[in-house]
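This is what each chain is made of:
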Protein chains: 6
Amino acid sequence: MDEELKEKTRKTAELLFRGVDTAEGGYALWRQFDKELAKQISMFFTGQLYSREVLSQKQRELCAVAALTVLNREEELRLHIHAARNVGATREEIAEVIFQMLVYGGAPVMVEGLKVAKRALEERGEWVEKKA
Amino acid sequence: MDEELKEKTRKTAELLFRGVDTAEGGYALWRQFDKELAKQISMFFTGQLYSREVLSQKQRELCAVAALTVLNREEELRLHIHAARNVGATREEIAEVIFQMLVYGGAPVMVEGLKVAKRALEERGEWVEKKA
Amino acid sequence: MDEELKEKTRKTAELLFRGVDTAEGGYALWRQFDKELAKQISMFFTGQLYSREVLSQKQRELCAVAALTVLNREEELRLHIHAARNVGATREEIAEVIFQMLVYGGAPVMVEGLKVAKRALEERGEWVEKKA
Amino acid sequence: MDEELKEKTRKTAELLFRGVDTAEGGYALWRQFDKELAKQISMFFTGQLYSREVLSQKQRELCAVAALTVLNREEELRLHIHAARNVGATREEIAEVIFQMLVYGGAPVMVEGLKVAKRALEERGEWVEKKA
Amino acid sequence: MDEELKEKTRKTAELLFRGVDTAEGGYALWRQFDKELAKQISMFFTGQLYSREVLSQKQRELCAVAALTVLNREEELRLHIHAARNVGATREEIAEVIFQMLVYGGAPVMVEGLKVAKRALEERGEWVEKKA
Amino acid sequence: MDEELKEKTRKTAELLFRGVDTAEGGYALWRQFDKELAKQISMFFTGQLYSREVLSQKQRELCAVAALTVLNREEELRLHIHAARNVGATREEIAEVIFQMLVYGGAPVMVEGLKVAKRALEERGEWVEKKA
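Residues numbered from 1 in each chain as written. Chains lettered and ligands numbered in written order. Predicted model: local features only at pLDDT ≥ 70, side-chain atom pairs only at ≥ 80, totals over all residues.

Draft legend 1. Region of the structure containing the overall build of chain A. Counting its secondary structure elements, chain A contains seven helices and zero strands. Counted from the first residue to the last, chain A has its helices and strands arranged as α-α-α-α-α-α-α. By principal-axis analysis of the C-alpha atoms, chain A measures approximately 55 × 30 × 30 Å. Expressed as a percentage of the 132 residues in chain A, the buried residues total 52%. (Helix = DSSP H or I, 4+ residues; strand = E, 2+ residues; numbered from the N terminus. Buried ≥ 20, exposed ≤ 12 C-beta atoms within 10 Å, placed from the backbone.)

Dropping the structure here:
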């Protein structure tokens, strides 16, 4: 049972965050403070929540982008923009979610969200400016 | 052009919020303070932003549910749960988005979000408890 | 010195909040928990900060309306809408500040702010709907 | 293993929330949406996190009161004021934490926190006004 | 009509943000994602909202400083401190608004606001320390 | 009386923040804007609030860590992690408070809080990774 959960955690983490530089904020950091707790948190969030199948992974990640934009959590937003791309969201869809957040969270969080999106896309070598 | 925008505003508002009681917080209230400004705001948000087609209406509304849950905006969340149902999101998908928000916004906003969801579904006559 | 501060506190409180029902959230409540601390807080906020003269009282209160709207602090917003009226802000100026907050805090806080403004103006017998 | 976690969850929940009316926002509500997920969330938060022993339960609950006050989460704050009393925090300590939160979260969240504290203490039959 | 709105947008932007380095977060960035949407957002916020005349521009900008301070939106705060200076607010008035925000948003947002104000004034060559 | 308060302010500041680099955000900055107001704020927060004895200094500082983590105020959090260590909280207790905040404020604020804790402990020469 526990092995099954570990495997689901590993696979889901791989699916969402493969190739993403977590910049010292991820699982490795948590482990530096408390190894057992780090494992429990990771298995709950990634293994139990993120592996659910009521929403598609793309749907879930666009909702993560929405939430992290209005909360202005720049580093986690960067990670989930990568995850959204990893599970098939287009650059246009990601930008659109961020633009729409000005309705709920105001213009400043939209602006910061776009900056983060540009940076994440640059990290992936996918940044292309829109032509008129 | 302006007529076209007015029509798009009207149609999008109808699509999203048909049959929804806005409980004195919506367009009618804004007009009680300033009729011209109310029209401009409505045409921008509903006519220009909500009518865009990069995201499906269902996708956009689930992102709205995500953002409004983590921001703990209960009344607007209620409206957009109605809108999400109006454009085809299932009850399970809406609940799933709210549950997932505990990752980004913490447990209290998830709990309040579920309360709002239950109320909105009751208003629609769609509330059914899950069997074991 | 202490007497001078007490007097300034009393006069400033009178200027801003005369005739306002604080609905069990004000100074009387704080005193029910700790009389000495309640006095210190009141003398600092009302006596030292609110009595300053770099900004006009009207300017200060409109800034309070702005901050409390974007933070969605409904009860304190109600009190400061009364205070803004007490020191000479017009109904139109107060509504305008709240409308503008959609830029910084998003539409939901603007909507809640307008509801609070309507209620506060009704409490004062000053609510008048705008004609077209 | 799973049985052990269930038992720890049950005991910790009993320790913290015995006799507390969760007002339709707690575990019972979550189960109405999704029974399996409700169990996983409860076992993670209550069974794994709240049962840890690095902090005393009193220490943990006063920190919960601090966080929920500055976030202005009134219903969850009510629950954790009950929990704080259940694990030995005094009324004075709880009020003191709330008062101190004006430094980090501003006066409005302090005021709302005190209102919630008064209500929770009244629910417990423990409300006593301070004499001068 | 559309031309009139474009002209009002251009003039208002010039009035508020002339000489201000928007540090890659402004209109140019939005256009890199979506040119048409960037134009619509700019015309709504700058052309329709910021050009209104119920409040003086100075009054509006001091309210923007208030809101952006309590929300801790540092980059947008920097821009609106420049705008406030551009429309006639004094350095003392801007600092006073930020100081007062400790009442509504707590001390940390006041401290960060003062840092931003110092930086913005330095950018303008207007930074002068107060003598005792 | 005023001398007594000044002395209490000085002693409490020394107790909490001795040896801490406030990185241009502290009392010195406030004085650059307004010397008299800086003194009043400092005497109220440090002299009157932080010197109270209902809570132990360790308890108060752990509550400060809790509040500043969920509010995501990184610079003030850094200062109060130093203060918590200065008054006797262990590294494990501080990390535990931050970990627990994922319940109330979500995972992103926990992650940022841990980063700040690592940095503060490094500044003190007290950073030690946990062994398995």
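So much for the structure itself; the text now carries on.
Draft legend 2. Looking closely at the relation of the copies chain D and chain B. When chain D is fitted to chain B, the best match, at an RMSD of 0.0 Å, comes from turning it 120° and sliding it 0.0 Å along the axis. Such a combination of turn and shift is consistent with a three-fold rotation axis. Minimal C-alpha separation from the rotation axis in chain D is found for Asn72 of chain D, amounting to 5.7 Å. (Least-squares fit on C-alpha atoms with pLDDT ≥ 70 in both.)

Draft legend 3. Examining the interface of chain B and chain A more closely. Residue-level contacts link 24 residues of chain B with 24 residues of chain A. Among the elements of the structure, helix H3 (35-49), helix H4 (57-70) and helix H6 (91-105) of chain B are those that each provide at least two residues to the side of chain B that touches chain A. For the side of chain B that touches chain A, a count of residues per class yields 16 nonpolar, three polar and five charged. (Contact = placed C-beta atoms within 7 Å. Nonpolar A, V, L, I, M, F, W, Y, C, P; charged D, E, K, R; others polar.)

Draft legend 4. Highlighting the interface of chain D and chain B. Taken together, the contact pairs 13 residues of chain D with 11 residues of chain B. Where the side of chain D that touches chain B is concerned, the elements lending two or more residues are helix H2 (27-33) and helix H3 (35-49) of chain D. Among the elements that make up the side of chain D that touches chain B, the one with the highest residue count is H2 of chain D (four residues). Each residue belonging to the side of chain D that touches chain B can be placed in one class, and the counts come to six nonpolar, two polar and five charged.

Draft legend 5. Broad picture of the domain arrangement of chain A. Residue and element names in this part refer to chain A. Assigned domains of chain A: these are domain 1 (1-52) and domain 2 (55-126). A separation of 21 Å is found between the C-alpha centroids of domain 1 and domain 2. Taken together, the contact between domain 1 and domain 2 spans eight residues of the former and seven residues of the latter. Residue classes in the side of domain 1 that touches domain 2 are distributed as five nonpolar, two polar and one charged. (Domains from an automatic or database assignment.)

Draft legend 6. Fine view of the nonpolar core. Core analysis: the largest hydrophobic core is formed by 261 residues, its most contacted members being Ala67 of chain A, Ala67 of chain B, Ala67 of chain C, Ala67 of chain D, Ala67 of chain E together with Ala67 of chain F. The residues touching Ala67 of chain A, leaving out its near neighbours within four places in the chain, are Ala66, Ala67, Val70, Met101, Tyr104 and Gly105 of chain B. (Core = buried A, V, L, I, M, F, W, Y, C linked by C-beta atoms within 7 Å.)

Draft legend 7. Representation of the packing of helix H4 (residues 57-70) of chain A against helix H6 (residues 91-105) of chain A. All names here are of chain A. Axis separation between H4 and H6 bottoms out at 9 Å; the angle between their running directions is 40°. When the axis of H4 is compared with that of H6, the two are oblique. The chirality of how H4 crosses H6 is right-handed. Across the interface between the two elements, Leu62, Val65, Ala66, Thr69 and Val70 of H4 pack against Glu93, Ile94, Val97, Ile98, Met101, Tyr104 and Gly105 of H6. By residue class, the composition of the contact of H4 with H6 is nine nonpolar, two polar and one charged. (Axes fitted to C-alpha atoms, helices over the stretch in contact; angles between N-to-C directions. Parallel < 35°, antiparallel > 145°, perpendicular 65-115°, else oblique. Left-handed = near helix turned anticlockwise from the far one by under 90°.)

Draft legend 8. Inspection of the relation of the copies chain B and chain A at higher detail. Note on the identical chains: chain B maps onto chain A by a rotation of 180° and an axial translation of 0.0 Å, with an RMSD of 0.0 Å. Interpreted geometrically, this transformation is the action of a two-fold axis. Looking at chain B, 100% of its interface residues are interface residues in chain A too, so the copies touch through the same face.

Draft legend 9. Inspection of helix H3 (residues 35-49) of chain E at higher detail. For H3 of chain E, built from 15 residues, the straight-helix expectation of 21 Å at 1.5 Å per residue is met to within 8% by its first-to-last C-alpha distance of 20 Å. Of all the positions in H3 of chain E, only Leu37, Ala38, Ile41, Phe44, Phe45, Thr46, Gly47 and Leu49 of chain E are classed as buried. In this structure, the buried side of H3 of chain E is in contact with H6 and helix H7 (107-123) of chain A, H3 of chain B, helix H6 (91-105) of chain C together with helix H1 (2-17) and helix H2 (27-33) of chain E. (Expected span 1.5 Å × (residues − 1).)

Draft legend 10. Region of the structure containing the environment of Ala67 of chain B. All names here are of chain B. One can find Ala67 in helix H4. Note on Ala67: 33 C-beta atoms within 10 Å, which makes it buried. Sequence separation of Ala67 and Leu77 is 10 residues, and the distance between their C-alpha atoms is 8.7 Å.

Draft legend 11. Structural detail: unusual backbone geometry. The backbone phi angle of Asn72 of chain C is positive, close to 60°, even though this residue is not glycine. Tracing the backbone shows Asn72 of chain C in the loop between helix H4 (57-70) and helix H5 (74-86).

Draft legend 12. The confidence of the model for chain A, seen in detail. For chain A, mean pLDDT is 94; residues scoring 70 or higher make up 98% of the total. Here the predicted complex carries an ipTM of 0.95, next to a pTM of 0.97. (pLDDT = per-residue confidence, 0-100.)

Draft legend 13. Structural detail: the environment of Lys115 of chain D. Looking at where Lys115 of chain D falls in the secondary structure, it is placed in helix H7 (residues 107-123). Owing to 18 C-beta atoms within 10 Å, Lys115 of chain D belongs among the partly exposed residues under this scheme. Put simply, Lys115 of chain D and Glu74 of chain D are 41 residues apart on the chain and 9.3 Å apart in space, counted from C-alpha to C-alpha. Ignoring sequence-local partners within four residues, the contact set of Lys115 of chain D consists of Glu24, Gly25 and Leu29 of chain C.

Draft legend 14. Representation of helix H5 (residues 74-86) of chain F within the structure. A rise of 1.5 Å per residue sets the reference length of H5 of chain F, with its 13 residues, at 18 Å; its end C-alpha atoms lie 18 Å apart and thus fit the reference within 8%. With 11 of its 13 residues buried, H5 of chain F lies for the most part within the structure. Burial in H5 of chain F covers these residues: Glu76, Leu77, Arg78, Leu79, His80, Ile81, His82, Ala83, Ala84, Arg85 and Asn86 of chain F. Taken together, the buried residues of H5 of chain F touch helix H7 (107-123) of chain E together with helix H1 (2-17), helix H4 (57-70), helix H6 (91-105) and helix H7 (107-123) of chain F.

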